[in-house]
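# Coordinate analysis (summary)
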Protein chains: 2
Amino acid sequence: MTRARALTDRDLDLIDAYWRAANYLSVGQIYLLDNPLLREPLRAEHVKPRLLGHWGTTPGLNFCYAHLNRVIKARDLNMIYIMGPGHGGPAAVANAWLEGAYSEVYPHVPQDAAGMARLFRQFSFPGGVPSHVAPETPGSIHEGGELGYALAHAYGAAFDNPDLVVACIVGDGEAETGPLAAGWHSTKFLDPVRDGAVLPILHLNGYKIANPAVLARIPDEELLSLLRGYGHRPIMLSGDEPADMHRAMAAALDEALDEIARIQAAARSGALTERPRWPMIVLRTPKGWTGPKEVDGLPVEGTWRSHQVPLAGVRDDPEHLAMLEAWLRSYRPEELFDADGRPVPALRGCAPAGERRMSANPHANGGLLLRPLNLPDFRAFGVAVDKPGQTSTEPTRALGAYLREVVAANPDNFRIMGPDETASNRLGAVFEATDRVFTGERYGTDEHLGPRGRVMEVLSEHLCQGWLEGYLLTGRHGLFNSYEAFVHIVDSMFNQYAKWLKVTRRLPWRRPVASFNYLLSSHVWRQDHNGFTHQDPGFLDVVMNKKPEIIRVYLPPDANTLLSVADHCLRSQDLVNVIVAGKQPSPNWLPMDDAVLHCARGIGIWEWASTDGGGDPDVVLACAGDVPTLETLAAVDLLRRFFPELRVRVINVVDLMRLQPPSEHPHGLSDAEFDALFTVDKPIIFAFHGYPYLIHRLAYRRAGHPNLHVRGYKEEGTTTTPFDMVMLNDLDRYHLVMDVIDRVPSLGGRVAHVRQRMTDQRRVMRAYTREHGEDAPEIRDWTWPY
Amino acid sequence: MTRARALTDRDLDLIDAYWRAANYLSVGQIYLLDNPLLREPLRAEHVKPRLLGHWGTTPGLNFCYAHLNRVIKARDLNMIYIMGPGHGGPAAVANAWLEGAYSEVYPHVPQDAAGMARLFRQFSFPGGVPSHVAPETPGSIHEGGELGYALAHAYGAAFDNPDLVVACIVGDGEAETGPLAAGWHSTKFLDPVRDGAVLPILHLNGYKIANPAVLARIPDEELLSLLRGYGHRPIMLSGDEPADMHRAMAAALDEALDEIARIQAAARSGALTERPRWPMIVLRTPKGWTGPKEVDGLPVEGTWRSHQVPLAGVRDDPEHLAMLEAWLRSYRPEELFDADGRPVPALRGCAPAGERRMSANPHANGGLLLRPLNLPDFRAFGVAVDKPGQTSTEPTRALGAYLREVVAANPDNFRIMGPDETASNRLGAVFEATDRVFTGERYGTDEHLGPRGRVMEVLSEHLCQGWLEGYLLTGRHGLFNSYEAFVHIVDSMFNQYAKWLKVTRRLPWRRPVASFNYLLSSHVWRQDHNGFTHQDPGFLDVVMNKKPEIIRVYLPPDANTLLSVADHCLRSQDLVNVIVAGKQPSPNWLPMDDAVLHCARGIGIWEWASTDGGGDPDVVLACAGDVPTLETLAAVDLLRRFFPELRVRVINVVDLMRLQPPSEHPHGLSDAEFDALFTVDKPIIFAFHGYPYLIHRLAYRRAGHPNLHVRGYKEEGTTTTPFDMVMLNDLDRYHLVMDVIDRVPSLGGRVAHVRQRMTDQRRVMRAYTREHGEDAPEIRDWTWPY
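This structure is a prediction, so every number in the text was calculated from the model and none was measured.

What follows covers the relation of the copies chain A and chain B. When chain A is fitted to chain B, the residual RMSD is 0.0 Å, and the transformation amounts to a turn of 180° plus an axial shift of 0.0 Å. These values place the two chain copies in the arrangement generated by a two-fold rotation axis. Considering only C-alpha atoms, the part of chain A nearest the rotation axis is Gly178(A), at 1.9 Å. Of all interface residues in chain A, 100% are interface residues in chain B too; the two copies therefore contact each other through one and the same surface.

Here the focus is the interface of chain A and chain B. Across the contact, 119 residues belong to chain A and 120 residues belong to chain B. Of the roughly 9900 Å² buried between chain A and chain B on both sides combined, carbon and sulfur atoms contribute 53%. Considering only the surface of chain A that becomes buried against chain B, Arg217(A), Leu459(A) and Tyr693(A) emerge as the three largest contributors, covering 8% of it. Linking chain A with chain B are 22 salt bridges. Two residues, Glu716(A) and Lys547(B), come together in a salt bridge whose shortest N-O distance is 2.9 Å. The interface formed by chain A and chain B contains 69 residue pairs in polar contact (both at pLDDT 80 or more). Listed by contribution, the elements that provide at least two residues to the side of chain A that touches chain B are helix 7 (178-183), helix 8 (220-229), helix 15 (491-504), helix 16 (539-544), helix 21 (693-699) and helix 24 (751-772) of chain A. Looking at which element gives the most residues to the side of chain A that touches chain B, the answer is helix 15 of chain A, with 7 residues.

Okay, the packing of helix 23 (residues 733-743) of chain B against helix 24 (residues 751-772) of chain B next. All names here are of chain B. The geometry of helix 23 relative to helix 24 is characterised by a closest axis approach of 9 Å and an angle of 160° between their N-to-C directions. Regarding the angle of helix 23 to helix 24, the classification is roughly antiparallel. Note that helix 23 runs across helix 24; the crossing there is left-handed. Each of Tyr734, His735, Val737, Met738, Ile741 and Asp742 in helix 23 lies in contact with helix 24, whose residues at this interface are Val751, Val754, Arg755, Met758, Thr759, Gln761, Arg762 and Met765. Of the residues contributing to the contact of helix 23 with helix 24, the split by class is 8 nonpolar, 3 polar and 3 charged.

Moving on, we come to the sheet that holds strand 5 (residues 278-284) of chain B. Think of a sheet as strands paired side by side through backbone hydrogen bonds, with each pair either parallel or antiparallel. Residues and elements named next belong to chain B. An order of 1-2-3-5-4 is seen for the 5 strands of this open sheet, with the pairing classed as parallel. On the outer flanks of this sheet lie strand 1 (78-83) and strand 4 (232-238), each paired with one strand and no other. Adjacent strand axes in the sheet meet at a mean angle of 20°, parallel and antiparallel pairs treated alike. Most of the contacts of helix 2 (residues 58-75) go to strand 1, to which it runs at about 175°, and overall it touches strand 1, strand 2 (164-171), strand 3 (197-204) and strand 5. Along the sheet face, helix 6 (residues 150-158) touches strand 1, strand 2, strand 3 and strand 4 and points at about 180° away from the line of strand 2.

This part covers the pairing of strand 21 (residues 684-688) of chain B. All names here are of chain B. Of all 5 residues that make up strand 21, 5 are buried, and the element is covered over most of its length. In strand 21, alternate side chains face the same way, and those of Ile684, Phe686 and Phe688 on one face and Ile685 and Ala687 on the other are all buried. The sheet contact formed by strand 19 (residues 619-624) and strand 21 spans 5 bridges and is parallel. Bridge pairing links Val620 to Ile684 in strand 21. One ladder, built from 4 bridges, connects strand 21 with strand 22 (residues 708-711); its direction is parallel. Looking at the pairing, Phe686 lines up with Val710 of strand 22.

Another aspect to go through is the nonpolar core. Within soluble globular proteins, side chains that are nonpolar generally end up buried alongside one another. The biggest cluster of nonpolar side chains holds 544 residues, and the ones touching the most others in it are Tyr31(A), Tyr402(A), Tyr31(B), Tyr402(B) and Leu403(B). With residues near it in sequence (within four places) discarded, Leu403(B) still touches Phe414(B), Ile416(B), Leu427(B), Val430(B), Leu479(B) and Leu570(B).

On to the side chain of Glu301(A). Residue and element names in this part refer to chain A. Here Glu301 shows up in the loop between strand 7 (298-299) and helix 10 (318-329). The class of Glu301 is buried, set by a relative accessible area of 16%. At a separation of 2.8 Å, a polar atom in the side chain of Glu301 contacts the main-chain amide nitrogen of Thr290. Polar contacts involving the side chain of Glu301 include one to the side chain of Lys293, which spans 2.8 Å.

Residues and elements named next belong to chain B. Its 22 residues place the ends of helix 24 31 Å apart at the C-alpha level, agreeing with the 32 Å of an ideal helix rising 1.5 Å per residue. On its buried face, helix 24 is in contact with helix 19 (626-642), helix 22 (722-728), helix 23 and helix 25 (777-780). Gly773 sits one or two positions beyond helix 24 and adopts a positive phi of about 75°.

All names here are of chain B. One open sheet accounts for 5 strands, arranged 18-20-19-21-22; its pairing is mixed. At either margin of the open sheet sits one strand with a lone partner, and together these are strand 18 (603-605) and strand 22. Recorded for the sheet is a direction-independent mean angle of 20° between the axes of neighbouring strands. Here strand 18 pairs with strand 20 (residues 648-653) via 3 bridges, running antiparallel. Looking across to strand 20, one finds that Ile603 is bridged to Val653. Where helix 20 (residues 671-678) meets the sheet, it contacts strand 18, strand 19, strand 20 and strand 21, and its direction lies at approximately 130° from that of strand 20.

Moving on, we come to the pairing of strand 9 (residues 414-418) of chain A. Residues and elements named next belong to chain A. Where burial is concerned, most of strand 9 is hidden: 5 out of the 5 residues are buried. Side chains of strand 9 alternate between two faces, with Phe414, Ile416 and Gly418 and Arg415 and Met417 buried alike. Where strand 9 and strand 13 (residues 477-483) come together, 4 bridges link them in parallel fashion. Pairing of Phe414 across the sheet is with His477, part of strand 13. Note that strand 9 and strand 12 (residues 455-457) share 3 bridges and pair parallel. Directly across from Met417, in strand 12, lies its bridge partner Met456.

An ideal rise of 1.5 Å per residue puts 20 Å on 14 residues; helix 15 of chain A measures up with 20 Å between its terminal C-alpha atoms. The element helix 15 of chain A is largely enclosed, with a buried count of 14 among its 14 residues.

Analysis parameters
- Residues numbered from 1 in each chain as written.
- Chains lettered and ligands numbered in written order.
- Predicted model: local features only at pLDDT ≥ 70, side-chain atom pairs only at ≥ 80, totals over all residues.
- Heavy atoms only, no water.
- Least-squares fit on C-alpha atoms with pLDDT ≥ 70 in both.
- Contact = heavy atoms within 4.5 Å.
- Buried area = accessible area lost by both parts, 1.4 Å probe.
- Salt bridge = Lys/Arg side-chain N within 4 Å of Asp/Glu carboxyl O.
- Polar contact = N/O pair within 3.5 Å; in protein donor to acceptor, adjacent residues only side chain to side chain.
- Helix = DSSP H or I, 4+ residues; strand = E, 2+ residues; numbered from the N terminus.
- Axes fitted to C-alpha atoms, helices over the stretch in contact; angles between N-to-C directions.
- Parallel < 35°, antiparallel > 145°, perpendicular 65-115°, else oblique.
- Left-handed = near helix turned anticlockwise from the far one by under 90°.
- Nonpolar A, V, L, I, M, F, W, Y, C, P; charged D, E, K, R; others polar.
- Pairing = 2+ DSSP bridges.
- Buried < 20%, exposed > 50% of the residue type's maximum accessible area, 1.4 Å probe, protein only.
- Core = buried A, V, L, I, M, F, W, Y, C linked by side-chain atoms within 4.5 Å.
- Expected span 1.5 Å × (residues − 1).

Coordinates in, geometry out; function isn't part of it.
Right, dumping it as structure tokens:
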């Protein structure tokens, strides 16, 4: 980057023309069905019948875009644009069209009068494009729907992209959200050497929907204090006179980009040792700037009344119609577009070229830049299993060793995010290969802490999720590990990301990105020590509501299956993979080859545990999840001893989606396969990791469903022991045996005796636990005895 | 409040003794099974086999508690204590026991040696109490599990409690979360006249689980700048020498409380016009203060190694055992507890008396203070309905008029929270009776904005939820209105609150509080204009995973039923009520009396819409939600015309819980009732507001379930028209007719013709929409013609 030459009046005029063009195109999108260039007087029938869109934030977004284009050209910047304000759709589309990128992606919307007409008509129109910045919008990695994630996405994009500058518009509405407020502290996780820069532009236009925005109503001094407290050096400009504001904005951007260049140069030459105070811009302009000042006697520009459509009665009220026409003509479209409706050459010259255009920057279509991970052979990190269930491993610890090698082999495009739980989730081996990223002050006692690590830990699930989203959408890879219960904190971010993926998968020009991988550990069954607040397996229910083609849920029952599943997930694209895995020592069931095969199938009969000799069973015991698998096998052990003649089939489910019909999910088993596994007429006792209803909702169409009885978490728990947790929820081995007894007819005379024994065993176990504070040795030491 | 007298050395010694006692009791809880007073040398068998608990944050919490007790006594303060740091359980319990409140609530844990032994043993022990501050902890309204909500709870408690001071400890870990970061801005929503005060104490002990905390690793100047930016006047103290720190903390508290008193006096006398800069305290002390300095050659006090149990090998390692004993004895228990194990009189004298004790303050058991709402007769706000479906009303607008009167009749204990959507959700009538609360700068153009309103709007669902939780738990009433899709933002807060309620309901000393009422409007079917990101009815699925006894979900189909449901919810206690209601004009189906009866039943046959003449139907059309009800009735209209001989039964569901078996939910219909309504053998086409799986999971045990076919939202949507939304998801009237055709045998020769017509109609409607940008008149103008 080099210092730009001094700006001339002509430069500023050009920027103003570009801004007027973007504003004109924005208003046109909101209002016009026809007569796009106002070649004839505006009539009611030129106006859309339903006016849907948001003007308020748009002129500010266009203003920034025009100025950023100047500095991109002047400095040959590699820059993308994150528009935090949700309703900035018209601005994003207008600029993409002005730059030509829109027509390249959507040739049916060319850069001419017909294209402009189509551009206007399609906006917020059935069969058209959404009113927000959306996956359909070229140049965007940030959906403008739910608010709060602009900064997290911006930083995620900047990590490991040393040449990228991410301009991030933060609306003063969004700034009230928690995730955005937390996002400011990303400054302590950005490395000026390896990472690019984020240039936040806090846009104070003063209002949300119907209220003032908090940050717009505190004194400047207080606001500046806040932003300095976040670690920034703010540059403030304020006003509503375009010429003055153009000059001020150009100066502010030059100052900010000079400062970014200076910081990066110093850091990269080793001259910088302190955490830099990154520049940012505070831009205060009226809401609905350049729009109608007053409508029906009420102030509009500069108030919340500009939020959506400042003139609402255009088709019915000639005065409103005239105001709309005057408003549109105030941008002087005749100077901006030629006879064919194309932007005049001077305007086209304002836009950067090719991939330097923010609407065509490949970082905003990250699949273009995606390099596959270098993945070590996961089999090398597996556990030798001679006989099932004889040895124990902490599954996530085995995974940690594998991830250490993934980290080492991919030093610039793979990150692990987590809220301070990477070690707690027993992935600590990664710290043999890398550090936790931190650019705040460091002490001698700190361990594995440094500016350049691959692991990002911050006590905000929102930031972890948002950073990783930004990182993936710009073409990299990663994993988010979380305590299972607390991943609910990002339910809505997951929802929005799943919606984004659903849409991008249907857009051929959006290239596939690496999948979003969740590793949920410290799960419900082993949060006995942390108590009820830490026990919640319901994220799976949230996940299952999203489009089946992008959702995968895996419940590997042991270390080898976890490794196989993880390898599979890290190779996949355009999916959300959810892996639930334990961190506590638990039995190893499958040798690696069997584990790989089992995971590939996703579901299977465990013949070595079954007693049906491959023939018809009397009962099916199914399980999904590590603890339910353990309890199921312990129940089978009891059943073998009490009812040696009983034919038990054991089914383990790794890939939850296999349970659905193939019409509902691409992984779904056919009815014939399902029936062959589960039978159509035998009792099925299903021990499930999560809330039991989930299994019913997956399997309710199956022939055997009336025989299906599911045990799972039923919202009982406290601070206790692991076995007490399963007893509290009737998922324990003794209860499973009783479930079998209750459902298999003709087990003979021992039934009453066994039932009593099981009841007694539960009582004895409970008493032992209350007395000793831990599980009885026969629980702790149980191994599969066959 | 009056300025305290000067502190003597003896005062400080007493505070130190009290602190040592609390620390001793905390360490005892974490470690000891027996020998509570160390009357004999500590042996391995005195120590718990599983060491579960968190020491790190505890001494800081105890330090603050001791000092707050002094100022409570000196100034006769009405104060409660919010402990943000999650793992502060030992501190909360220790102080409650020291103050005597613990033994009053739990007489089996008396204030003597036997009680102390039980206190120690029960902590984090099966059958005992959780390791976090929990519902079981006297004096708490704030669960220490999931982090982020301390400030929101504190402010919620302070609203409309002018004499209350809420001391709120913010941990530096929690401070990284988004909700906490947003919570600081609550300063702009607190009225010094009508509300009490919050005294935040930011406790920097430097570490989370395994990482430094961000706010502890930025320069003091930057931190102070941040806190000033939040609107505070911070008072900072830092150190590890107890005597110095006692003196500094006492001075800081006096300064802060003097300032609070000054602000409140000025505001209440009318002398204060500006928003005050409220004092707060920054307390920097070592993590694990007064614990082991070094263990096995590694530093512990002042590092993350103090987070949980500093000495982990006590039962096996004699050196660790000796260190534990020395650590415990360092508090000099012999000076603190008498021969019977009671706190010595001087210590008991440190605690305030009666309800001034923070562990016994009735605000922390808000049901004690609960006054029922003055509720106007909701019937007066209803709509006259002569014939079903002839007129339209915006249901939430009718509700708004009712809420206006609720607000007016309850000026000090009812608040409405929402993220800037009260007007958008068409509850705007409330602004005839009250303002939006805002204490930031106000302009002349602002409307309904003031310091003393009943409506709280901030663009943070987290804050809305957290404020209302704090408000309800201190004995008041309220309603949270949200866009349906974005309530997912608080999924995890809902989960935690539901867990809290589940536990409190089982504690007889916890008095019932008013229910948490959600009004979800701007729902999935009418977010056609805002697009896919705004379409998500999945909150209901999250809600349904919680304990049935505290969960209610209502889907009133029109204005009158909404009023009846709202009245019912506002009268209820200890529940979470979720109401889903539309804001767009939609048909009025039921006269008020019928509406009340229908809501009381929760489910019922709409005979006026059915054609089975009260006899056996050929098909059951069920519906839940306003839009599904409309489409169902429109489908019935079509069926009447095409198949006049078809006997159709129409069932409307208001109370979703009625569908569950009574074994699963107290509102559940018996099988006999369910079968009588839905039949056991006739096809059931169920048009549902949310994801269709939810109905299956509620009804899968019913005899008629194999015949149940559910239509609902299947994650299809974009910016389009309302009818296109239902068509995209096959919930439209035409598709429902086809569903009936597909499932009712022997409809005669017209079937093929009708199916074709329905298919054609869908095509025609879609084409109209794409052409005109709105729904066809026959959709918009349809009314129930009978």
